[in-house]
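Here is how the chains run, residue by residue.
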Amino acid sequence: MVHLLSNRSVLLLLIVTTSLLVDARPATFLQDFRITWSDSHIRQLDGGRTIQLILDRNSGCGFASKSKYLFGRVSMKIKLIPGDSAGTVTAFYMNSDTDQVRDELDFEFLGNRTGQPYSVQTNVYAHGKGDREQRVNLWFDPAADYHTYSIMWNHHQVVFFVDQIPIRVYKNNEAKGVPFPKFQPMGVYSTLWEADDWATRGGLEKINWSKAPFYAYYKDFDIEGCPVPGPRTCASNPSNWWEGSRFQQLDPVAASRYQWVRANHMVYDYCTDKHRYPNTPPECVA
């Protein structure tokens, strides 16, 4: 009898474990993504759990999610280009892929000269309106190891995270007449490309092609959201975890971390750029 109960216990454990593994995230690359640009410059490693993006004189490369999503969270671990990476841009972003009324949420990692800080630029497009750049110098070497970069998007706000630390919050300010991305599903994209006309010190620092090829690495692809096409009620379902009250604004710990980033590591904020915006944009007014 004891042996029988033991076998049943083992069977239950196997069933539960298998169920968890089936639903486990993150995914391998090909489960959720496809190569969109220069497949010869994207290599799958570790059975597709890691990919290597390559930039050389011939080409950069890019990939995109197979589905679009309306609200949720997307997260990836990225190890950026080491050494002299000036003039390169490694981008991780969401995009509605619509021309006139594009919605887009951007991480753009701007390469640097050796020894200079790596900057990450974020931008938000809503209903075709962009030009909302903020730039933060990362407080660690993002080429030495993997770090987690996430975008969480719900009806109340968009939050950009670095290792669970919020570096950008874009609130829903429709009450002030400011558009907010909430109608168009967006795909998840990434590219590695040459942008030495603007990326490093406004284009003053050019790519040193003697350092090529340049490599960036991605792993732990994690998308949780409402796929489109999919259940029509998903995007408006208030019981989705990312719509919960704790995600409608930063909690005190996250808010403290956010203020630390802004006080110590922010190097550009469109909200305070009086040359571009003599009148402060309404979403920037507390």
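It should be emphasised that the depicted structure is a prediction, and the values quoted were computed from it without experimental measurement.

1. Let's talk about empty space enclosed by the protein
Inference 1: Counted according to the given criterion, the structure contains 1 cavity of 30 Å³ or more.
Inference 2: With 5 residues, the single largest contributor to the lining of the largest cavity is strand S4 (residues 61–79).
Inference 3: Here the lining of the largest cavity is composed, by residue class, of 7 nonpolar, 2 polar and 2 charged.

2. A short note on unusual backbone geometry
Inference 1: With an omega of 0°, the peptide bond between Ala 212 and Pro 213 qualifies as cis.
Inference 2: Within the secondary structure layout, Pro 213 lies in the loop between strand S12 (186–194) and strand S13 (214–228).
Inference 3: A positive phi angle, near 60°, is found at Ser 38, a position not held by glycine.
Inference 4: In this structure, His 127 is a non-glycine residue whose phi angle is positive, near 55°.
Inference 5: If you trace the backbone, His 127 turns up in the loop between strand S7 (119–125) and strand S8 (134–137).

3. Some details on the state of the cysteines
Inference 1: All told, the structure shown has 2 disulfides when counted by the stated rule.
Inference 2: Bridging Cys 226 to Cys 234, the disulfide has an S-S length of 2.0 Å. Between Cys 226 and Cys 234, the S-S dihedral sits near -75°, and the bridge is therefore left-handed. Residue Cys 226 shares its accessibility class with Cys 234, and that shared class is buried.
Inference 3: For Cys 271, the disulfide goes to Cys 284, at an S-S distance of 1.9 Å. Here the disulfide of Cys 271 and Cys 284 is left-handed, its torsion about the S-S bond being about -70°.

4. Regarding the pattern of salt bridges
Inference 1: Overall, the coordinates contain 12 salt bridges when judged by the stated rule.
Inference 2: Across the pair Arg 113 and Glu 205 runs a salt bridge, and its minimum N-O distance is 2.9 Å. Here the residue Arg 113 occupies a position in the loop between strand S6 (104–110) and S7, and Glu 205 occupies one in the loop between S12 and S13, the gap between them amounting to 92 residues.
Inference 3: The class for Glu 205 is buried, based on a relative accessible area of 16%.
Inference 4: Between Glu 133 and Arg 276 there is a salt bridge; the shortest N-O distance is 2.9 Å. With a gap of 143 residues between them, Glu 133 in the loop between S7 and S8 and Arg 276 in the segment after strand S14 (266–269) connect regions that are remote in the sequence.
Inference 5: On the basis of relative accessibility, which here comes to 15%, the residue Glu 133 falls in the buried class.
Inference 6: A network of salt bridges, in which partner residues are shared, links Arg 73, Asp 222 and Glu 224.

5. Some words on the side chain of Asp 196
Inference 1: Take Asp 196: it is sitting in the loop between S12 and S13.
Inference 2: For Asp 196, which is buried and forms no salt bridge, the nearest opposite charge comes from Lys 206, at a distance of 4.5 Å.
Inference 3: At 3.3 Å, the side chain of Asp 196 and the backbone nitrogen of Ile 207 are in polar contact.

6. Let's talk about the confidence of the model for the protein
Inference 1: On average, residues of the protein score 90 in pLDDT, and 91% of them reach the 70 mark or higher.
Inference 2: Within the model, the stretch residues 1–23 combines pLDDT values under 50 with 0 contacts to residues more than four positions away or in other chains.

7. Side note on the side chain of Glu 283
Inference 1: Relative to the helices and strands, Glu 283 is located in the segment after S14.
Inference 2: Assessed through its relative accessible area of 17%, Glu 283 is described here as buried.
Inference 3: At a separation of 2.8 Å, a polar atom in the side chain of Glu 283 contacts the side chain of Tyr 270.
Inference 4: In contact with Glu 283, other than residues within four places in its own chain, are Arg 132, Tyr 170, Asn 173, Val 178 and Tyr 270.

8. Observations concerning the packing of aromatic side chains
Inference 1: All chains considered together, the criterion is met by 21 aromatic pairs.
Inference 2: For the ring pair Phe 71 and Trp 153, a centre distance of 4.9 Å and an interplane angle of 45° mean the geometry is tilted. Taken as a pair, Phe 71 in strand S4 and Trp 153 in strand S9 (residues 147–153) lie far apart in primary sequence, 82 residues in all.
Inference 3: The exposure class assigned to Trp 153 is buried, which follows from its relative accessible area of 1%.
Inference 4: Considering the side-chain rings of Trp 241 and Phe 247, the 5.1 Å spacing of their centres and the 75° angle between planes classify their relative orientation as edge-to-face.
Inference 5: Aromatic ring contacts, followed pair by pair, group Phe 29, Phe 33, Phe 63, Tyr 218 and Phe 221 into a single cluster.

Cut-offs used in this document
Residues numbered from 1 in each chain as written. Predicted model: local features only at pLDDT ≥ 70, side-chain atom pairs only at ≥ 80, totals over all residues. Heavy atoms only, no water. 1 Å grid on protein atoms, 1.4 Å probe; cavity = no way out; pocket = protein on both sides within 12 Å on 5 of 7 lines; lining within 4 Å. Points joined across faces, edges and corners; volume = space filled by probe spheres on them. Helix = DSSP H or I, 4+ residues; strand = E, 2+ residues; numbered from the N terminus. Nonpolar A, V, L, I, M, F, W, Y, C, P; charged D, E, K, R; others polar. Disulfide = S-S within 2.5 Å. Buried < 20%, exposed > 50% of the residue type's maximum accessible area, 1.4 Å probe, protein only. Salt bridge = Lys/Arg side-chain N within 4 Å of Asp/Glu carboxyl O. Lys, Arg positive; Asp, Glu negative; His and termini not counted. Polar contact = N/O pair within 3.5 Å; in protein donor to acceptor, adjacent residues only side chain to side chain. pLDDT = per-residue confidence, 0-100. Contact = heavy atoms within 4.5 Å. Phe/Tyr/Trp six-rings, centres within 6.5 Å; stacked < 30°, edge-to-face > 60°.

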